[in-house]
Protein chains: 4
Amino acid sequence: MVVVMSPKASEEDIARVVEMVEDAGGDAFVSRGKHRTIIGLVGDTERFMALPIPGMPGVESVMRIGKPYKLVARESRPEPTEVQVGDVVVGRDSFVVIAGPCAIETEEQAMASARAAKAAGAHILRGDAYKHRTSPYAFQGLAKHGLEILKEMRLETGLPVVTEVLHTTDVELVASYADIVRVGARNMQNFQLLREIGRTRRPVMLKRGLSATIEEWLMAAEYIAQQGNEDIILCERGIRTYEPMTRNTLDISAVPLVHRLSHLPVIVDPSHSSGRRELVAPLALAAAAVGADGVMIDIHPHPESALCDGPQALTTEELAPLVAEMGRVAQAVGKPLARQSPGLSAVGQ
Amino acid sequence: MVVVMSPKASEEDIARVVEMVEDAGGDAFVSRGKHRTIIGLVGDTERFMALPIPGMPGVESVMRIGKPYKLVARESRPEPTEVQVGDVVVGRDSFVVIAGPCAIETEEQAMASARAAKAAGAHILRGDAYKHRTSPYAFQGLAKHGLEILKEMRLETGLPVVTEVLHTTDVELVASYADIVRVGARNMQNFQLLREIGRTRRPVMLKRGLSATIEEWLMAAEYIAQQGNEDIILCERGIRTYEPMTRNTLDISAVPLVHRLSHLPVIVDPSHSSGRRELVAPLALAAAAVGADGVMIDIHPHPESALCDGPQALTTEELAPLVAEMGRVAQAVGKPLARQSPGLSAVGQ
Amino acid sequence: MVVVMSPKASEEDIARVVEMVEDAGGDAFVSRGKHRTIIGLVGDTERFMALPIPGMPGVESVMRIGKPYKLVARESRPEPTEVQVGDVVVGRDSFVVIAGPCAIETEEQAMASARAAKAAGAHILRGDAYKHRTSPYAFQGLAKHGLEILKEMRLETGLPVVTEVLHTTDVELVASYADIVRVGARNMQNFQLLREIGRTRRPVMLKRGLSATIEEWLMAAEYIAQQGNEDIILCERGIRTYEPMTRNTLDISAVPLVHRLSHLPVIVDPSHSSGRRELVAPLALAAAAVGADGVMIDIHPHPESALCDGPQALTTEELAPLVAEMGRVAQAVGKPLARQSPGLSAVGQ
Amino acid sequence: MVVVMSPKASEEDIARVVEMVEDAGGDAFVSRGKHRTIIGLVGDTERFMALPIPGMPGVESVMRIGKPYKLVARESRPEPTEVQVGDVVVGRDSFVVIAGPCAIETEEQAMASARAAKAAGAHILRGDAYKHRTSPYAFQGLAKHGLEILKEMRLETGLPVVTEVLHTTDVELVASYADIVRVGARNMQNFQLLREIGRTRRPVMLKRGLSATIEEWLMAAEYIAQQGNEDIILCERGIRTYEPMTRNTLDISAVPLVHRLSHLPVIVDPSHSSGRRELVAPLALAAAAVGADGVMIDIHPHPESALCDGPQALTTEELAPLVAEMGRVAQAVGKPLARQSPGLSAVGQ
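Bear in mind the structure is a predicted one, so any value in this text is a computation, not a measurement.

J.: Go over the overall build of chain A, please, and point to the residues and values.
T.: Looking only at helices and strands, chain A features eleven helices and 15 strands. Taken along its principal axes, the extent of the C-alpha atoms in chain A is 75 × 45 × 40 Å. Across the 349 residues of chain A, 66% fall into the buried class. Excluding contacts between residues fewer than 6 apart, the proportion of contacts in chain A whose partners are at least 24 apart in sequence is 71%. About 11,600 Å² of surface is accessible on chain A, with carbon and sulfur atoms providing 49% of the total.

Listed below in structure tokens is the structure:
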């Protein structure tokens, strides 16, 4: 940590900072400049952060050096994390395709999507029973009945499934149906939910908040990891910017940055980031090329009649050629498509 | 609602949209242009929004005309809402000052702040027992013990109190201590929490999310109002932008916009929006001049040793002259400072 | 300046940085931490900035401490700058009102606006002969003919005038008509134009760029000051954010920040920041309360037929009551309305 | 165009809009809804845009349907534009690599970069003689002497060159040395410069402004095209967002969007968008996969001693393997690397 003193700071102001740091068991190195003095703090940064230095007289600013997260930082593990999901591994050696309906609307729609996803080569299915909607007047999901359909999707295809949990009270229930429990963008800083999920032993997918910095996103992952669950898959899904042509701006740079900062895997959601069907394929290919560990894609047998986010869903027919093309790109960057699981035993058994 | 057809839309594409609208009980007016055709929809907009028009062949875009919220819209009430809090009214006829510590840290710190706030002329006290922190390693509040101190602040000063609730499971408890229950920026779209709070009959303060549009903010208020609680005070607290010099950018324009769009009162939090003590006074004065219905200000007897957000707290001595200056500005725009309550009966009695 | 070494930096890496700093005539103070080493640089920061330190082996990041601008920094002058414009002083002791048409469209429209502005108590007139338009198909201004009308506005009212210059080739011409030459938001980093204007001895108004940080804005002012012209009035006019309800988001916090960072005066443009007529009055009042040194307001005798930015112009009748209200607010914060000039001698004499 | 009337609009208000549209030679279709009336305008949109409808009584808002640009719109040409640069074609059939130093600093540095770029398989060289710097105290380029070195780079390698022009007064000079004249991000809305460049017959590269929408970017291209020059290559280089980890946020979605909206080619600059060397390769690969028509990459023989943007330059050795990898990705998405030109005749001959 570095403390920058104001040009008007007195010798006493400086001495007071040094004393406080030393009292906290740290060392303070003072660099006196022509205009201002800088104090380098050496020791336990967390402890320094809790000290009231920013408000002390003569202090201009305090800069934290290093990362505020620990467990999810790359330095904390020698090897990147591989999250085992059924027979599939989500991690840096291969590229994983997750596909399925945004919302589970009817058994027919969900099963058609699940079969198409499997036939196209997807490794994991998606499908939500609980939907987070800005408007209280919009479709909110089938709840428990949706989870039952999800179970059927899983059983028939033999593929693992990911689904969103919205409320702390549903964590246990959702975790009993899902291979991966997903935290949505709006809940990225719902710390109670993060802790609750951290206590399950299910793999977690953590979407980046709409306007979260990469550091805040990793801090949210830290909340989960602190509870003992480090099977976390990060999911970049676009950030809010001034550009109106896409629903969000896919921050493709987040993928290599996360790989440098953390040992966790990171995937891309090209459907929710753009909100436009015609952008899904190019963005999915970009994700494969940039080194993402996978993608998650909305499909729908009849996007024109979807109850939720229809304009961004691919048709079930569009998925297979896209998976093939992603496979070629992933191969070109030395990270081949994962192998599809031949089957799957029942959840939690 | 307006449906814009693509230049390549066929007559059948147009007919299909018209038919769907008419089947839903609406009227469709077709305007055929040189380049493209526009269809005006007349009838029940909510019903139209649920139709799968955006994905239909030949449809380029669908534009919603009018507001997606109803209960909190200005049109739904002849008069602006006045939220009664103890003896104080938060509404458009006067300017209300809320002050107190960001977090309740110790009884001594909290009581000193409460006394100073009362002496300075504040109408409502603030003080949080539960803190939402980006880092799991930061101070998270005194919880129940903090609420007990809050009770004491209330009893000794006779002023009503506002405090934040973080989790759905705490709503009942917090509401039993607080005159106003606050929803923080990170929880603005925690719809489960909004519904839970909507079911209490306590006045609610709803902070704007970090990157929420004004429309999304009003939609969040709609979630509360839908449960039968329209005693909602909106609180503008800055939005995330690219400018690094302030923690957030206070969107001062939001105040007159909310007054035009909704019947709800809206206040400003100059402390959390800027994150810098030296900006609190000018921003509070701007809030008074722009027509806000009040401000909420962090104070601390010893900001330099605050456990949370110290750099933005005013000292207890700085508050009184600021209240006086806000009073002069509020008077100048025809909206005088509210009268301070002489006393207060116990909560819920 | 502070150099943060990576945790993996070797002793040689550190020694190489120290040597380079010392070769450049500076001192380097090394603080060795448990995880990483920090080097504080003392000496000529500009010289250090030109050194290739950021790319050296073992260097993680370089943080500049202190301001990159000098001439416009508050530290460079004991007293705030007062810009003399005709008989009016723009500075921290009073509040100045600039008003007039956005674009000069016809002699009749311009003269009606000028007379109304004077009658309402404005101190300076605005009116543009050159317009910067996003679309090549939009009205681009009356050019030389517009400047002639501007001259007439000035002569008849006796008030000084401010007008925008778009191109370097027009600087001399525009400066011969204007009391204040304005640089628009899109030209804030047109450094050739800034230098050219810096060479005139006319006061300059420098609008903040659409997405400029406050630091970049002050750096742009530095380009002008470097040419010997420090009669610079900064103008906050809103920044680009994700919020769609206003054309731009007025960054009201920029006013007190600029006053702390620089000795230059700063005014607010509530018309261009919001783009909405109904927000002009509340935002102008907020500007007066926050301590701005003035406002610039678009007026039009017939806003509904304006060729440019009509939706944001006040009618000429709306101005007088607003000036009176701003006067009361300015008084309340101890910064009264400036006195209107009784008359004015011809430009350049 | 669609005019949305306010719920309180009178019949006369509606009639007045209809009359104005008809007087302008258009047709107005009125759709009367329960709450509000919508008027669809059919005819010459440009003419309608110049009408003062937004300020008329009873008008709530005016929505433009369709694109405000014409010449650069996809609809204006049956085939995508191919820009011929020496022997190389920049367009949708192949992927082009532009590489070279950000700034030309010395003959040695520039020639070493040029040779390395050619050896690595680059098709076009970059190198700037004029630099646009936020600080007036930073290196501003070698000017004319830099252009002479550029000429040498071109002659020795036989590759065409792209270089930036900053000022209108330099357009002719720069165009006499360059195969492609580049407009930088800060000049994207310097319309005088755009017009001047549009009058040359040199291919132009137009970088996206730091906070320009895609529509504004295409409008800027329209300024150039209006002068008769449609040999325009768009260059996405990142937009300003709240995320501090990258200098800008690469808006990768802009590539497929531009391809849908316009017939112009679009490339990506991974160096300036990220500002971080370690992100250049992954972002360049993402650009190849997303369908960009090329990339532009900074290289430097000694990035650690670069006078400008050193932290983002690849070493000359890093380029060749990256070009090979981009070639594989480009192949995978059916858009192979362009063939490198065997030689080149002198400029302008």
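The rest of the description comes next.
J.: Describe the relation of the copies chain D and chain C, naming the residues involved and giving the relevant values.
T.: Superposing chain D onto chain C takes a rotation of 180° plus a shift of 0.0 Å along the axis, which leaves an RMSD of 0.1 Å. Such values leave the two copies arranged in the relation of a two-fold axis. Using C-alpha coordinates, one finds that chain D approaches the rotation axis most closely at Ser211 of chain D, a distance of 3.1 Å. In this assembly the copies share their binding face: 100% of the residues contributing to the interface of chain D also contribute to that of chain C.

J.: So what's going on with helix H11 (residues 316-332) of chain A? Which residues, and what values?
T.: Residue and element names in this part refer to chain A. End to end, H11 covers 26 Å across 17 residues, agreeing with the expected 24 Å (1.5 Å per residue, within 8%). Among the residues making up H11, those that are buried are Thr316, Leu319, Leu322, Val323, Met326, Gly327, Val329, Ala330 and Ala332. Gly334 lies just past H11 and shows a positive phi near 80°.

J.: Outline the state of the cysteines, listing residues and values.
T.: What is meant by a disulfide is a covalent connection between two cysteines, made through their sulfur atoms. In the structure shown here, the tally under the stated rule is zero disulfides over all chains. The thiol of Cys235 of chain B is unpaired, and the distance to the nearest cysteine sulfur, on Cys102 of chain B, comes to 12 Å.

J.: I'd like a description of the interface of chain D and chain A, backed by residues and values.
T.: With 38 residues of chain D at the contact, the number on the chain A side is 38 residues. Note on chain D versus chain A: buried area summed over both sides is about 3,000 Å², and carbon and sulfur give 71% of it. Here chain D is connected to chain A by two salt bridges. When the shortest N-O distance is used, the salt bridge between Arg208 of chain A and Glu243 of chain D registers 2.9 Å.

J.: Can you tell me about the interface of chain D and chain C, naming the residues and giving the values?
T.: In this assembly, 37 residues from chain D lie in contact with 39 residues from chain C. Carbon and sulfur atoms make up 51% of the area that chain D and chain C hide from each other, which totals about 3,300 Å². Counting across the chain D and chain C interface gives two salt bridges. Note that Glu216 of chain D and Arg240 of chain C form a salt bridge whose closest N and O atoms lie 2.7 Å from each other. Here chain D and chain C share 13 residue pairs in polar contact (both at pLDDT 80 or more) between them. Where the side of chain D that touches chain C is concerned, the elements lending two or more residues are helix H6 (191-199) and helix H7 (214-225) of chain D. With four residues, H7 of chain D is the largest single contributor of residues to the side of chain D that touches chain C. Here the side of chain D that touches chain C is composed, by residue class, of 13 nonpolar, 15 polar and nine charged.

J.: Account for the relation of the copies chain D and chain A, with residues named and values stated.
T.: Once chain D is rotated about the relating axis by 180° and shifted along it by 0.0 Å, it coincides with chain A to within an RMSD of 0.0 Å. Looking at chain D, 100% of its interface residues are interface residues in chain A too, so the copies touch through the same face.

J.: Pulling in residues and values, what's your account of the side chain of Glu236 of chain C?
T.: All names here are of chain C. With respect to the helices, strands and loops of the structure, Glu236 is situated in strand E12 (residues 232-236). The class of Glu236 is buried, set by a relative accessible area of 0%. From its side chain, Glu236 meets the backbone nitrogen of Gly238 in a polar contact 2.9 Å long. Beyond its immediate stretch of four places on either side in the chain, Glu236 contacts Arg208, Trp217, Thr249, Leu250, Asp251, Ala254, Ile267, Val268 and Asp269.

J.: So what's going on with unusual backbone geometry? Residues and values would help.
T.: One non-glycine residue, Ala143 of chain B, lies in the positive phi region at around 55°. With respect to the element layout, Ala143 of chain B can be found in the loop between strand E8 (124-126) and helix H4 (144-157).

J.: Describe in detail the pairing of strand E7 (residues 96-100) of chain B, supporting the description with residues and values.
T.: Working note: regular strand, side chains alternate between the two faces of the sheet. All names here are of chain B. Where burial is concerned, most of E7 is hidden: five out of the five residues are buried. Burial along E7 is two-sided: the residues Val96, Ile98 and Gly100 and Val97 and Ala99 are all buried. As paired strands, E7 and strand E14 (residues 294-300) are joined by five bridges and run parallel to one another. Paired with Ala99 across the strands is Ile297, a residue of E14. Bridging between E7 and E8 involves two bridges; their strand directions are parallel. Bridging from a neighbouring strand, Ala99 pairs with Leu125 of E8.

J.: I'd like a description of the sheet that holds strand E2 (residues 27-32) of chain D, backed by residues and values.
T.: Residues and elements named next belong to chain D. Strand order in the open sheet formed by four strands is E2-E3-E1-E4, with antiparallel pairing between adjacent strands. Two strands bound the open sheet, and with one partner strand each, they are E2 and strand E4 (59-63). Taken pair by pair, the neighbouring strands of this sheet meet at an average axis angle of 20°, ignoring direction. Strand direction decides the pairing type here: E2 and strand E3 (residues 37-42), joined by six bridges, are antiparallel. When the sheet's bridge partners are listed, Val30 is paired in E3 with Ile39. On the sheet, helix H1 (residues 11-23) packs against strand E1 (2-5), E2, E3 and E4 and is oriented at approximately 155° with respect to E2.

J.: Any chance you could break down the sheet that holds strand E3 (residues 37-42) of chain A for me, citing the residues and the numbers?
T.: Residue and element names in this part refer to chain A. An order of E2-E3-E1-E4 is seen for the four strands of this open sheet, with the pairing classed as antiparallel. The open sheet is flanked by strand E2 (27-32) and strand E4 (59-63), the only strands paired with a single partner. Adjacent strand axes in the sheet meet at a mean angle of 20°, parallel and antiparallel pairs treated alike. Examined bridge by bridge, strand E1 (residues 2-5) and E3 share three bridges and lie antiparallel to one another. Counterpart to Val3 in the pairing with E3 is Ile39. Helix H1 (residues 11-23) rests against E1, E2, E3 and E4 of the sheet, and its axis sits at about 155° to E2.

J.: Hey, could you go over the nonpolar core for me, with residue numbers and the actual values?
T.: Formed by 170 residues in total, the largest nonpolar core has its most connected members in Leu206 of chain A together with Leu206 of chain D. Apart from residues no more than four positions distant in its own chain, Leu206 of chain D is found in contact with Val183, Met188, Leu194, Trp217, Ala220, Ala221, Ile224, Ile232, Ile233, Leu234 and Cys235 of chain D. Formed by 169 residues, the second largest nonpolar core is a distinct cluster that contains Val72, Met111 and Val266 of chain B together with Ala292 of chain C.

J.: Can you explain the confidence of the model for chain A? Please cite residues and give values.
T.: Residue and element names in this part refer to chain A. Here chain A shows a mean pLDDT of 91. Residues at 70 or above account for 98%. Confidence drops under pLDDT 50 across residues 345-349; counting only partners more than four residues distant or on other chains, this segment forms nine contacts. We note a pTM of 0.92 for the whole complex and an ipTM of 0.91 for its interfaces.

J.: Now, about a negative patch on the surface: what can you tell me, with residues and values included?
T.: Residue and element names in this part refer to chain A. On the surface, Glu19, Glu22, Asp23 and Asp27 cluster together into a patch of negative charge. Here the negative patch takes three residues from H1, the largest share from any one element. Residue Asp27 is classed as partly exposed on the basis of its relative accessible area of 44%.

J.: Break down the environment of Pro54 of chain A for me, with residues and values.
T.: Inspection of the secondary structure puts Pro54 of chain A in the loop between helix H2 (45-50) and E4. With relative accessibility at 41%, the residue Pro54 of chain A sits in the partly exposed group. In contact with Pro54 of chain A, not counting residues within four places along its chain, are Val59 and Val62 of chain A together with Pro311 of chain B.

J.: Give a description of the environment of Phe139 of chain B that names residues and reports values.
T.: All names here are of chain B. In this fold, Phe139 is placed in the loop between E8 and H4. Classification of Phe139 as partly exposed rests on a relative accessible area of 23%. For the pair formed by Phe139 and Arg247, sequence separation is 108 residues and the distance between their alpha carbons is 19 Å. Apart from residues no more than four positions distant in its own chain, Phe139 is found in contact with Ala103, Ile104, Glu105, Lys131, Arg133 and Leu307.

Analysis parameters
- Residues numbered from 1 in each chain as written.
- Chains lettered and ligands numbered in written order.
- Predicted model: local features only at pLDDT ≥ 70, side-chain atom pairs only at ≥ 80, totals over all residues.
- Heavy atoms only, no water.
- Helix = DSSP H or I, 4+ residues; strand = E, 2+ residues; numbered from the N terminus.
- Buried < 20%, exposed > 50% of the residue type's maximum accessible area, 1.4 Å probe, protein only.
- Contact = heavy atoms within 4.5 Å.
- Areas by Shrake-Rupley, 256 points an atom, 1.4 Å probe, with all protein chains shown as cover.
- Least-squares fit on C-alpha atoms with pLDDT ≥ 70 in both.
- Expected span 1.5 Å × (residues − 1).
- Disulfide = S-S within 2.5 Å.
- Buried area = accessible area lost by both parts, 1.4 Å probe.
- Salt bridge = Lys/Arg side-chain N within 4 Å of Asp/Glu carboxyl O.
- Polar contact = N/O pair within 3.5 Å; in protein donor to acceptor, adjacent residues only side chain to side chain.
- Nonpolar A, V, L, I, M, F, W, Y, C, P; charged D, E, K, R; others polar.
- Pairing = 2+ DSSP bridges.
- Axes fitted to C-alpha atoms, helices over the stretch in contact; angles between N-to-C directions.
- Core = buried A, V, L, I, M, F, W, Y, C linked by side-chain atoms within 4.5 Å.
- pLDDT = per-residue confidence, 0-100.
- Patch = residues over 30% accessible without salt bridge, like charges linked within 9 Å, V, L, I, M, F, W, Y side chains within 5 Å.
- Lys, Arg positive; Asp, Glu negative; His and termini not counted.
- Charge placed at Lys NZ, Arg CZ, Asp CG, Glu CD.

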